[in-house]
Structure formats: structure tokens, C-alpha cells
Amino acid sequence: MDELAIGLIGAGRIGKLHGDNIARLVPGARLEAIAEIRLTGEHRLWAGKNGVKKVYEDPAEIWKDRDIDAVFICSSTETHAEFIIQAARAGKHIFCEKPVHTDVGRIREALDETAKAGVKLQVGFVRRFDHNHRKVRDTVASGRLGKPHIIKITSRDPEGPPLSYIAASGGIFMDMTIHDFDMARYLAGSEVSEVSAWGAVMIDKNYERYGDVDTAAVMLKFENGALGIIDNSRAARYGYDQRTEVHCDRGCVRVENDLVDTSVTSTADGVVCERPTWFFLERYNDAFVAEARAFVDAVRNGADVPVDGKDGLAAVYIAMAAGKSLRENRPVKLAGIM
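Residues numbered from 1 in each chain as written. Predicted model: local features only at pLDDT ≥ 70, side-chain atom pairs only at ≥ 80, totals over all residues. Heavy atoms only, no water.

## Looking at the overall build of the protein chain
Okay, so step 1: Helix and strand content of the protein chain: 12 helices and 15 strands.
Okay, so step 2: Relative to the compact-globule value of 20 Å for 338 residues, the protein chain shows a C-alpha radius of gyration of 20 Å, a close match.
Okay, so step 3: In terms of overall dimensions, the protein chain has C-alpha extents of about 60 × 55 × 45 Å along its principal axes.
Okay, so step 4: Burial status across the protein chain gives 54% buried among its 338 residues.
Okay, so step 5: Surface exposure of the protein chain reaches about 15,400 Å², of which carbon and sulfur atoms provide 49%.
Okay, so step 6: The averaged location of the 50 negative side-chain charges in the protein chain is 2 Å from the averaged location of its 45 positive side-chain charges. (Helix = DSSP H or I, 4+ residues; strand = E, 2+ residues; numbered from the N terminus. Rg over C-alpha atoms; globule rule 2.2 N^0.38 Å. Buried < 20%, exposed > 50% of the residue type's maximum accessible area, 1.4 Å probe, protein only. Areas by Shrake-Rupley, 256 points an atom, 1.4 Å probe, with all protein chains shown as cover. Lys, Arg positive; Asp, Glu negative; His and termini not counted. Charge placed at Lys NZ, Arg CZ, Asp CG, Glu CD.)

So this is what it looks like as C-alpha cells:
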């Protein structure tokens, strides 16, 4: 395959990010078309700047377009599974933003359809492609530090999303912590066996209207015996707080935040450094490019995608267990919900 023609479904913030990357920074791919159900003149202008002439309101036009080899699904969560199914039936390879869906029945149906069609499905767990987190994982996977004992993940957003988004997000564990659940599996090299979760509304009482929380702590038990600790907040006023650490038999590997710059000013009043980058667009920009390139390379070369549908399903199961643990105030074994 000389060049992969991609159709983009959903041209909101994350869709535009992927679209810009495909059009400008991903060798071997071109942005062939976009579909946006709330299509505006601004979307058409953005598409034109990226050289895209095919602009649709109906995603079905993407399935019907024989020039399109693959799709990027960047629409709202509740549409993901159905769009995966339709894309697979049309013979398109698929990149889908997380989560695949909040209903495991729909996820399994989507995975069955992709297997039946023989198309690739990559799930958008972008943090696996970050240079810092990948270094932690590679160090642990090399075995030189021995067996992992403790996996620690701090993931705090500088500000919460609009409440209208919260209403359809599936809750903090399905929307936000799901990245951390995937990262925990990735770093530990093992599946999660048990989850204990706690949550509170510390920032905005409006979260209670949707049965959600804005602050959470989760403990994990892994099949390899390791323990995991995740803390989340939707109000890190100092910037996007993204730190990981794995403590092992013979040592520990950890990464700190990416800062706006690395300057350090020292005076008699104290020592001052810059804050972390503000949010995920700044923090993970290079990782978004890397994951898109990995997908394109896998399709063009007939290789396995680095993050597949089974990874997407595993993270959703952990999120479900965390939600159940929070509601029932008890540990939840994964075996009991799978």
C-alpha cells in the first residue's frame, strides 16, 4: 500500500488534532475525508486548510467511499462501537479514540465484527506512546530491576470538562482514569485482578447531579502479585500532572512532569522552576503523532497494532470494577464482572 487514505469521523477538539497530524505529520497517509454530524462553515474551512475536499455530515458517506482505506473515529463515546461495526463491515481499518464503549456487550460485538472482517483496530491510549512513560515500561520489561512490586500513577487535570460533557462521559473512571488503567497494565506487564476505589466531590458540587466525582484514588492488585496506586483530580491548578513510578526488586524507575521549560532560578528567596505544561494537547502532542504513525505503519506493513481492541476491553472492565467498588464501598474482583 503506497499511501493510506483516511476518513475522519468527528471534528471536535480531538478529531481536529488527529486530522492535523494525519495531514501534516504522518508519512504514508493522507486525510481523504471528514464527517461531522454538527457540520459548520468552520469545519469546512478547517478541512480546506488540510487539503480535504470531501466533507460530510453523515458518517455513512465514509463507509461508502471506496477511496478510503481506514477511519479515525473521534466522535462521542456512545457512537464508537456502532461506528467500528459499520467501518469493519465496509472493510475499513480502524483507529478509535478511547473508550471503545461503556457497554462491554457492544464492545464484544465490535471486536467480533473487526475479527470477522479481517481489519485492524487500534485504540487511542496515547500515553503508551509518550517518551517518558515508554521509558518506564521498557526499563521494567527489560527485567534488569527485577519483579515489579508497586506501580504508582498520578494523573490530575488542570481543569474539569464542561458539565455537558460529564453527563455523557460515563464517569471519571470510564473517561479519565481509563487512561491510567491502561497505563497500569502496560507498566506492570500484568492483568489486574482486583480493584478498590474511593471518590469524592471536592471541586464542583455539580458533579453530584450526574452521580460522578472529581477526585479519586484507586488501588489495584495484579495477577503477577504487584500492587498499583492511582490518584486523580480534575483541579491541578498548577498544570497537567502526569507522573509514573514502578518500584521493583532491585530498584525503582520513575518520571516527572514535562515542564514549560527547564530553567531554574535560584535566589536568596528560594529556588523556582517552571510549572508543568498546561494540558494534554501540550503534554502529549508528540505522542499523538507517534500513535497515528504506528497505526499507519501497522496497516501499510500488515503488522499488529500496538494497542488493540482487547486492550480497550480490559481497561473498560477495570473501570467498571472501580465504579462498582466506589458504589458498594468494597473491593471488587475482575473475575466477578467479566
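Next comes the rest of the account.
## A few points about the side chain of R185
Okay, so step 1: By the element assignment, R185 lies in helix α9 (residues 177–188).
Okay, so step 2: When neighbours within four sequence positions are excluded, R185 is seen to be in contact with R128, S190, E191, V192, F222, D311, A314 and I318. (Contact = heavy atoms within 4.5 Å.)

## A few points about the pairing of strand β14 (residues 270–273)
Okay, so step 1: By the bridge criterion, 4 bridges tie strand β13 (residues 264–267) to β14 in an arrangement that is antiparallel. Among the inter-strand pairings, S266 is bridged to a residue of β14, identified as V271.
Okay, so step 2: Where β13 folds back onto β14 in an antiparallel hairpin, the turn is made up of 2 residues. (Pairing = 2+ DSSP bridges.)

## Thoughts on helix α2 (residues 41–49)
Okay, so step 1: For α2, the complete set of buried residues consists of H43, W46 and A47. Projected down its long axis, α2 shows its buried positions confined to an angular sector of 100 degrees, all on one face. The outward face of α2, more than 90 degrees from its buried face, is lined by the exposed residues G41, L45 and K49.
Okay, so step 2: Of the surrounding elements, those touching the buried residues of α2 are β1 (4–9), α1 (13–25), β2 (29–35) and β3 (54–56).
Okay, so step 3: After α2 finishes, the residue G51 shows a positive phi value of roughly 75 degrees. (Arc of directions from axis to C-beta.)

## A look at the packing of α1 against helix α11 (residues 285–301)
Okay, so step 1: One can describe the packing of α1 onto α11 by two numbers: an axis separation of 10 Å at closest approach and a directional angle of 65 degrees. Here α11 runs roughly perpendicular to α1, going by the angle between their axes. In this structure, α1 crosses over α11, and the sense of that crossing is right-handed. Here I14, L17, H18, N21 and L25 of α1 lie close against α11, whose contacting residues are N285, F288, V289, E291 and R293. (Axes fitted to C-alpha atoms, helices over the stretch in contact; angles between N-to-C directions. Parallel < 35°, antiparallel > 145°, perpendicular 65-115°, else oblique. Left-handed = near helix turned anticlockwise from the far one by under 90°.)

## A word on the packing of helix α6 (residues 131–142) against α9
Okay, so step 1: Orientation of α6 relative to α9, taken along the N-to-C sense of each, is 35 degrees, at an axis distance of 8 Å. Contact with α6, carried on its side by H133, R134, V136, R137 and V140, involves M183, Y186 and L187 of α9 and no other residues of that element.
Okay, so step 2: Its residues assigned to classes, the contact of α6 with α9 comprises 5 nonpolar, 1 polar and 2 charged. (Nonpolar A, V, L, I, M, F, W, Y, C, P; charged D, E, K, R; others polar.)

Remember that the coordinates give geometry; whether it matters functionally is a separate question.
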